[in-house]
Amino acid sequence: LKLGTMRLFAALLTISSAAAFAPASRTTFGIPAATDTTSQLYGEYGASSTSFYTTTEKQESYESLEAVLGAKCADKKVRLVIKDMLDACADITEALRVALVTVEGSENTFGDAQLSVDVIADNLMWDACKDSPTIREGASEEDPEVRNTDEQGDGEYTVCWDPLDGSSIVDNNWAVGTMIGIWPKSTGLIGATGRDQVTSLVAIYGPRTTVLVALDDGTYEFSYGCTPDGCQLPDGSFEPWICSRHKIQIQPDCKIFSPANLRAAQDVPGYKRLIDYYMEERFTLRYSGGLVPDVYQQFTKTQGIFSNPTSPTSPAKLRLAFEAAPFALLVEKSGGKSSDGVTGGSILDVQINAVDQRTALCIGSANEVDRFNDWVIEK
């Protein structure tokens, strides 16, 4: 009797467990479910409808970096500096694959402990600038001071970079990146705006290394070290960089949100209202805490909104020259918008008055940036 009772209990438990995960339109022991909310959830929240899987189809061949730059970047010197920066991103890629993430024992100018990978990436960027015949000045987010790198006196560009954005998540082995803004000698950095940039680049280091580059007619993505069918060179090797996305367009509407600085929602009623709206409208949350992956997804998913407002108790942290301006150039060249979080104007129109100038930021799909301006800063 005891064995039979146990078997009956096990059978009932199995049926009940299955019913708990089944759509509510089914019945349990012939009793109809009270509501059909679960079936609605299955349809609305299935993985295929909220995960935004890629729709990119394999191509028969891919254009080389040289071919795309030759066709889409008219200025020869800009082409050269882009290639120099891509070489640096390739070097950082290789270094990250073998370096452990440890505390270096030093601090940057903000008092943050530097990681081994921060120092490695920063040194590689400085080496690239010193070796480049087209670069005259460099400035790193790790040491925000414009320094001369042009021993020959023929350099043309001031390069600003965040060598490895995502120090707080890199030990998790999450995606991190490098952001680079490039200004001409005619403006330099101080007193210029983001709109004066001749180009900008953002690299993301994940399972693959890909880099967004601002060219004459839009934003293009280049992939490093890929070996797709149809791209093998006559000698059996492959191009180090191939163009994986052409003239990317960010849709004006989106269903993906990346809300940074959520602490500000306690001080700014409009930001709390905006977050509530995203949740009520069933937006998909995609936020890692790294600026590069959180904004880069707008180019792969062709939609999205990243918001980072400020408040009296949660001041601005993002750097205008190293982070906000380079990304804004890429987003606006792709049909998106940016907001300075204060006036509601483009971040590209904010004058750079200090190397380490901080800023609020909202960036991404145009209509959602407009909503941010309307609700959060009431512009």
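The coordinates are above.
The residue count restarts for each chain, going from 1 along the sequence in the order it is written. In keeping with the predicted nature of the model, local features appear solely for residues at pLDDT of at least 70, side-chain atom pairs appear and are counted solely at 80 or more, and the whole-chain, interface and lining totals rest on all residues. Only heavy atoms go into the side-chain values, all of them from the structure, while hydrogens and water stay out.

Asker: Got a minute to help me understand the pattern of salt bridges in this structure?
Answerer: One side chain can pair with another of opposite charge once the charged atoms of both are near each other. Each reported salt bridge corresponds to a side-chain nitrogen of Lys or Arg within 4 Å of a carboxyl oxygen of Asp or Glu. Under the criterion given, the structure shown has 15 salt bridges. The residue Arg-319 makes a salt bridge to Asp-356 at a minimum N-O spacing of 3.4 Å. Highlighted residues: Arg-319 in strand S16 (residues 318-319) and Asp-356 in the loop between strand S17 (337-339) and strand S18 (358-359), separated in sequence by 37 residues. Arg-358 is the partner of Asp-356 in a salt bridge, and the nearest nitrogen-oxygen pair spans 3.2 Å. To sort residues, take the accessible area from a 1.4 Å probe on protein chains only and compare it with the maximum for the residue type: under 20% means buried, over 50% means exposed, and anything in between is partly exposed. We classify Asp-356 as partly exposed; its relative accessible area is 24%. Taken together, the salt bridges that share partners define one network made up of Glu-141, Arg-319, Asp-356 and Arg-358. Runs of E in the DSSP output that reach at least two residues are strands. Runs of H or I that reach at least four are helices, and both are numbered from the N terminus.

Asker: Would you explain the sheet that holds strand S8 (residues 176-184) in this entry?
Answerer: Two pairing modes exist for strands in a sheet, parallel and antiparallel, and in both the strands are linked by backbone hydrogen bonds. When DSSP finds at least two bridges between two strands, those strands are taken to pair. Read from one edge of the open sheet, eight strands run S6-S5-S7-S8-S9-S10-S11-S12, paired in mixed fashion. Both edges of this open sheet fall to strand S6 (143-148) and strand S12 (241-245), since each of them pairs with a single strand only. Each adjacent strand pair in this sheet contributes to an overall mean axis angle of 20°, direction not counted. Direction of pairing for strand S11 (residues 218-224) relative to S12: antiparallel, over a ladder of four bridges. Its bridge partner lying in S12, Ser-223 is registered against Ile-242. Axis definition: a line fitted to C-alpha atoms, limited for helices to the stretch in contact. Angles are taken between N-to-C directions and run from 0 to 180 degrees.

Asker: Where do I start with the sheet that holds strand S14 (residues 284-285) in this structure?
Answerer: Taken in spatial order, the five strands make up an open sheet running S14-S13-S15-S19-S17, and their pairing is mixed. Where the open sheet ends on each side, the last strands, each with one partner, are S14 and S17. Here helix H8 (residues 291-300) sits on the sheet in contact with strand S13 (256-259), strand S15 (305-308) and strand S19 (361-364), set at roughly 145° to S15. Contact definition: two residues touch when any of their heavy atoms are within 4.5 Å.

Asker: It is not clear to me how the environment of Ala-121 should be interpreted in this structure. Could you clarify?
Answerer: Within the secondary structure, Ala-121 sits in helix H6 (residues 116-131). Residues Ala-121 and Leu-96, spaced 25 residues apart in sequence, show a C-alpha to C-alpha distance of 8.4 Å. The residues touching Ala-121, leaving out its near neighbours within four places in the chain, are Ile-92, Pro-163 and Leu-164.

Asker: Mind showing me how you'd approach unusual backbone geometry here?
Answerer: Leaving glycine aside, a negative phi is the common case for residues, and trans is the common case for peptide bonds. The backbone phi angle of Arg-282 is positive, close to 60°, even though this residue is not glycine. Within the element layout of this structure, Arg-282 appears in the loop between helix H7 (269-280) and S14. The phi dihedral of Thr-302 falls on the positive side, at around 60°, and the residue is not glycine.

Asker: So what exactly am I meant to see when it comes to a negative patch on the surface here?
Answerer: Every patch collects residues that have over 30% relative accessible area and no salt bridge, joining them within 9 Å if they carry like charges and within 5 Å if they are nonpolar side chains (Val, Leu, Ile, Met, Phe, Trp, Tyr). All accessible-area figures derive from a Shrake-Rupley calculation using a 1.4 Å probe, and residue coverage is judged against the displayed protein chains alone. Asp and Glu are treated as the negative residues and Lys and Arg as the positive ones, with His and the ends of the chain left uncounted. We put the charge of a Lys on NZ, of an Arg on CZ, of an Asp on CG and of a Glu on CD. A cluster of acidic residues, Asp-87, Asp-91, Asp-127 and Asp-131, forms a negative patch at the surface. If you list the elements that add at least two residues to the negative patch, you get helix H5 (76-96) and H6. Looking at the element boundaries, Asp-91 is found in helix H5.

Asker: Whenever I open this one, the packing of aromatic side chains confuses me. Can you help?
Answerer: Any pair of aromatic rings gets described here by the distance separating the centres and the angle formed by the planes. Centres within 6.5 Å make a pair out of two Phe, Tyr or Trp rings, where for Trp the six-membered ring is used; the pair is then stacked when the planes are under 30 degrees apart, edge-to-face when over 60, and tilted otherwise. The final tally for this structure, using the stated rule, is ten aromatic pairs. Relative to Trp-161, the ring of Trp-126 has its centre 4.7 Å away and its plane inclined at 75°; by these criteria the two rings are edge-to-face. Taken together, the positions of Trp-126 in helix H6 and Trp-161 in strand S7 (residues 157-165) put the pair 35 residues apart, joining distant regions of the chain. One exposure class covers both Trp-126 and Trp-161, and it is buried. Pairwise contacts between aromatic rings join Phe-257, Tyr-277, Tyr-278, Phe-283 and Trp-375 into one cluster.

Asker: Even after reading the chapter, I still don't get the nonpolar core, so can you show me in this structure?
Answerer: The tendency in soluble globular proteins is for nonpolar side chains to be buried side by side. Core analysis: the largest hydrophobic core is formed by 41 residues, its most contacted members being Ile-82, Met-85, Ile-180, Leu-201, Leu-215, Phe-222 and Trp-241. Broken down by element, this core gets its largest block of residues, nine residues, from H5. Discounting chain neighbours no more than four positions away, the residues touching Phe-222 are Leu-65, Val-68, Thr-209, Thr-210, Val-211, Val-213, Leu-215, Trp-241, Ile-242, Cys-243 and Ser-244. Among the nonpolar cores identified, the runner-up in size contains 37 residues, and Leu-212, Ala-260, Leu-330 and Val-350 belong to it. Here, the term nonpolar core denotes a set of buried Ala, Val, Leu, Ile, Met, Phe, Trp, Tyr and Cys residues that are joined through side-chain atoms within 4.5 Å.

Asker: Looking at this structure, how should I read the pairing of strand S5 (residues 135-140)?
Answerer: Every regular strand shows the same layout, with side chains that alternate between the two sheet faces. Within S5, five of the six residues are buried, which leaves it mostly tucked inside the rest of the structure. As paired elements, S5 and S6 share three bridges and run antiparallel to each other. Of the residues in S6, the one forming a bridge with Glu-137 is Asn-148. The hairpin turn running from S5 into S6, its antiparallel successor, is two residues long.

Asker: Help me understand the packing of H7 against helix H10 (residues 366-375) in this model?
Answerer: Two packed helices can be described by the angle between their axes and the distance between those axes. With their axes 9 Å apart at the nearest point, H7 and H10 run at an angle of 140° to one another. Note on packing geometry: the crossing formed by H7 with H10 is right-handed. From H7, Gly-270, Arg-273, Leu-274, Tyr-277 and Tyr-278 reach across to H10, where they touch Glu-368, Arg-371, Phe-372 and Trp-375. Under the grouping applied here, Gly and all other residues not named as nonpolar or charged are polar, the nonpolar ones being Ala, Val, Leu, Ile, Met, Phe, Trp, Tyr, Cys and Pro and the charged ones Asp, Glu, Lys and Arg. Grouping the amino acids of the contact of H7 with H10 by side-chain chemistry returns five nonpolar, one polar and three charged. Crossings are sorted by hand: turned counterclockwise from the far helix by less than a right angle, the near helix makes the crossing left-handed, and turned clockwise it makes it right-handed.

Asker: What am I meant to see in the environment of Thr-302 here?
Answerer: Residue placement: Thr-302 occurs in the loop between H8 and S15. In this structure Thr-302 comes out as partly exposed when scored by relative accessible area, which is 24%. For Thr-302 and Ile-250, which are 52 residues apart along the polypeptide, the C-alpha to C-alpha distance reads 4.4 Å.

Asker: What is the right way to look at the side chain of Ser-339 in this model?
Answerer: Positionally, Ser-339 belongs in strand S17. A polar contact is formed between the side chain of Ser-339 and the backbone nitrogen of Gly-341, at a distance of 3.1 Å. Side-chain polar atoms of Ser-339 contact the side chain of Asn-373, separated by 2.7 Å. In this view, Ser-339 contacts Gly-344, Gly-345, Ile-347, Ala-360, Leu-361, Cys-362, Val-369, Phe-372, Asn-373 and Ile-377; residues no more than four positions away in its chain are not counted. Counting of polar contacts relies on pairs of N or O atoms within 3.5 Å, with two restrictions inside protein: one atom must be capable of donating a hydrogen and the other of accepting it, and residues adjacent in sequence are counted only when both atoms are side-chain atoms.

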